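What follows is the residue order along each chain.
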Amino acid sequence: MYKFPEGFLWGTSTSGPQSEGIEAGDGKGMSNWDYWFSIAPEKFHNQVGPDRTSTFYRNYKEDIELLEQTGHTTFRPSIQWSRLIPEGVGEVNPKAVEFYRDVFKRINAKGIKLMVNLYHFDIPYALQAKGGWENKETAYAFRDYAEKCFELFGDLVDTWFTFNEPIVPVEAGYLADFHYPAKVDLKAAVQVAYHTQLASSLAVEACHRLNPEHRISVILNLTPAYPRSDQPEDIKAARIAELFQAKSFLDPSVKGYYPEELIDILKAHDLIPAHTEEELAIIRENTVDFLGVNYYQPLRVQAPTKTTEQPMNLDFYFEHYVMPGRKINPHRGWEIYETGVYDIAMMIKQDYDNIDWILTENGMGVEGEEKFKVDGAIQDDYRIEFIQDHLKELHRAIEDGANCHGYMLWTFIDCWSWLNAYKNRYGLVELDLESQKRTIKKSGHWFKELSQNNGF
């Protein structure tokens, strides 16, 4: 029997842009995703866009009942900036205030611990059109948006997250074409990362100033970087990969400053972002209260095989490596490596003062999941096994002193996943995209038992 500490939280995470949808007359402004879908729907799987998603905006009352039926003691949704403040700055949408307040009240009434995220890859398009995160003004617009959220919802929410996986829009939007604006520009990527960190620190300051008893954090995908071999060049590549992909946000968020080695690398290639001493002081003085940690798969790297004078992308420093014989999710193509959870936990314990943390995302995407349906319900034993195997490693880490206080699965109901739309399903609850009918999967019933028993 794997028993977890008393008060350990069980739940799921989702996001506004992936779940809410858009209803005529709801007052929502256009986000970067809404805009991209409007100009390039062919980029999205089966041309399903963010207007449809899992219609939480319309069905949230039923969905909150399903939270209870699947054993949630915590839930992490996000507020859409473009729904609350349609132009990114200025006027607040009263329909959004009414919607979010009712959602949060109903979740509180169920005794479910509410943790609200402010940003999940979704910038109002009005701000994107002015340069988005390349423009320093966006960081201060985000602070104002965060302050508005704390004022409007602070009586209902006492635990906040600033950003979800802030490295992802940097990599996917400025070093690849998976997020808008889909351009490859390493210098812009570094500037975007810096402005995002500044925005996060400004929001932490605002939260502590307005509600000193509230707790606020950031959610980071702290995937360990595992070198291909013990050769010095592979070990160096893994160290640099971790600097860029984890520590670029982890260190300033928790310690208040950037790693010296990362600064040296950026200096060497004229990549230091435009900044001021005052901004560095804001980052230094406004660190997070705890950590949200997402983990899906390991990062395996090797020394770069291509040599160029000047870096155009991160493959100048390290390259991804496919490990032979790896355990794989055959439905999604991602490696499954449960030990990564333990390694993250020990890294936080040893290098970050064993700060409090919650595993805020972990999950298994499955394409063509309807083939596992028996008597009207999906029999997703593979998902139950996936969760159990990761929880065993989390349990081992807690026994070895890790300061983890909860486990949150991605996600509650099958949701829209960016360019992949509904290609891969992650939920405890199945969504029929045509009828919008919700059906609890086998894993959803099992998750309730897990929560009630505080273990398995």
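Scroll up to find the structure.
Scope of this entry: the structure provided in the associated data block. (Residues numbered from 1 in each chain as written. Predicted model: local features only at pLDDT ≥ 70, side-chain atom pairs only at ≥ 80, totals over all residues. Heavy atoms only, no water.)

## Quick word on the overall build of the protein chain
Item 1. A tally of regular secondary structure across the protein chain gives 15 helices and 18 strands.
Item 2. A burial count over the protein chain gives 62% of its 456 residues as buried.
Item 3. Sequence separation of 24 or more characterises 77% of the internal contacts of the protein chain that already satisfy a separation of 6 or more.
Item 4. Per element, the accessible surface of the protein chain, about 17,800 Å² overall, is 49% carbon and sulfur. (Helix = DSSP H or I, 4+ residues; strand = E, 2+ residues; numbered from the N terminus. Buried < 20%, exposed > 50% of the residue type's maximum accessible area, 1.4 Å probe, protein only. Contact = heavy atoms within 4.5 Å. Areas by Shrake-Rupley, 256 points an atom, 1.4 Å probe, with all protein chains shown as cover.)

## Some remarks on the sheet that holds strand E2 (residues 74-76)
Two orientations exist for strands paired in a sheet by backbone hydrogen bonds: parallel and antiparallel.
Item 1. Pairing is parallel in the open sheet, where 9 strands are placed in the order E3-E2-E1-E15-E11-E8-E6-E5-E4. In this open sheet, the two strands that pair with only one neighbour each are strand E3 (113-114) and strand E4 (116-117). (Pairing = 2+ DSSP bridges.)

## Let's talk about the nonpolar core
Item 1. In this structure, Trp-160, Leu-291 and Leu-394 are the most contacted members of the largest nonpolar core, which totals 137 residues.
Item 2. Of the residues forming this core, the biggest block, 14 residues, is contributed by helix H9 (residues 186-210).
Item 3. In contact with Leu-291, not counting residues within four places along its chain, are Ser-217, Val-218, Leu-220, Leu-222, Leu-250, Val-254, Ile-348, Ile-355, Asp-356, Trp-357 and Ile-358.
Item 4. Counting 7 residues, the second largest nonpolar core, distinct from the first, contains Met-115, Phe-161, Ile-219 and Met-408. (Core = buried A, V, L, I, M, F, W, Y, C linked by side-chain atoms within 4.5 Å.)

## Quick notes on the layout of surface pockets
Item 1. If you add up the space inside the largest pocket, you get close to 1,600 Å³.
Item 2. Contributing to the lining of the largest pocket are 47 residues, with Val-168, Glu-171, Gln-297, Arg-332 and Trp-334 lying nearest its centre.
Item 3. It is helix H8 (residues 167-174) that contributes the most residues to the lining of the largest pocket, 4 residues altogether.
Item 4. In terms of residue class, the lining of the largest pocket is built from 22 nonpolar, 15 polar and 10 charged.
Item 5. The space that makes up the second largest pocket amounts to roughly 490 Å³.
Item 6. In terms of lining, the second largest pocket is formed by 27 residues, of which the most central are Val-190, Tyr-258, Leu-262, Leu-266 and Pro-273.
Item 7. Among the secondary structure elements, those contributing two or more residues to the lining of the second largest pocket are H8, H9, helix H10 (232-254), helix H11 (260-268) and helix H12 (277-285).
Item 8. The dominant element in the lining of the second largest pocket, judged by the number of residues it contributes, is H9, at 6 residues.
Item 9. Split into classes, the residues belonging to the lining of the second largest pocket amount to 20 nonpolar, 4 polar and 3 charged. (1 Å grid on protein atoms, 1.4 Å probe; cavity = no way out; pocket = protein on both sides within 12 Å on 5 of 7 lines; lining within 4 Å. Points joined across faces, edges and corners; volume = space filled by probe spheres on them. Nonpolar A, V, L, I, M, F, W, Y, C, P; charged D, E, K, R; others polar.)

## Quick notes on the sheet that holds strand E9 (residues 299-302)
Item 1. The 3 strands lie next to each other as E7-E9-E10, forming an open sheet whose pairing is mixed. With partners counted over all chains shown, the strands left at the sheet margins are strand E7 (225-227) and strand E10 (319-320), one partner each.
Item 2. Where E9 and E10 come together, 2 bridges link them in antiparallel fashion. The residue of E10 that forms the bridge with Gln-302 is Glu-319.

## Observations regarding empty space enclosed by the protein
Item 1. This model, assessed by the stated rule, comprises 4 cavities of 30 Å³ or more.
Item 2. Of the pockets and cavities examined, the largest cavity occupies roughly 140 Å³.
Item 3. For the lining of the largest cavity, the secondary-structure elements that each account for two or more residues are strand E5 (159-164), H8 and H9.
Item 4. Broken down by class, the residue content of the lining of the largest cavity amounts to 12 nonpolar, 6 polar and 1 charged.

## Brief notes about the pairing of E5
Item 1. With respect to burial, E5 is a largely interior element, 6 of its 6 residues being buried.
Item 2. Taken together, the 2 bridges between E4 and E5 define a ladder with parallel strand orientation. From the neighbouring strand, Val-116 faces E5, where its bridge partner is Trp-160.
Item 3. Relative to strand E6 (residues 215-221), E5 runs parallel, the two being bridged by 4 bridges.

## Considerations on the packing of helix H7 (residues 137-153) against H9
Item 1. The interhelical angle for the contact between H7 and H9, taken along N-to-C directions, is 30°, at an axis separation of 8 Å. Taken together, the axes of H7 and H9 lie roughly parallel to each other. In terms of crossing hand, the pair formed by H7 and H9 is right-handed. When H7 is examined against H9, the residues Ala-139, Tyr-140, Phe-142, Arg-143, Ala-146, Glu-147, Phe-150 and Glu-151 are found in contact with a partner set consisting of His-195, Leu-198, Ala-199, Leu-202, Ala-203, Ala-206, Cys-207, Arg-209 and Leu-210.
Item 2. Counted by class, the contact of H7 with H9 contains 12 nonpolar, 1 polar and 4 charged residues. (Axes fitted to C-alpha atoms, helices over the stretch in contact; angles between N-to-C directions. Parallel < 35°, antiparallel > 145°, perpendicular 65-115°, else oblique. Left-handed = near helix turned anticlockwise from the far one by under 90°.)

## Comments concerning the pairing of E9
Item 1. Burial of E9 is two-sided: the residues Leu-299 and Val-301 facing one way and the residues Arg-300 and Gln-302 facing the other way are all buried.
Item 2. Examined bridge by bridge, E7 and E9 share 3 bridges and lie parallel to one another. Opposite Ala-225, over in E9, you have Leu-299 as the bridge partner.

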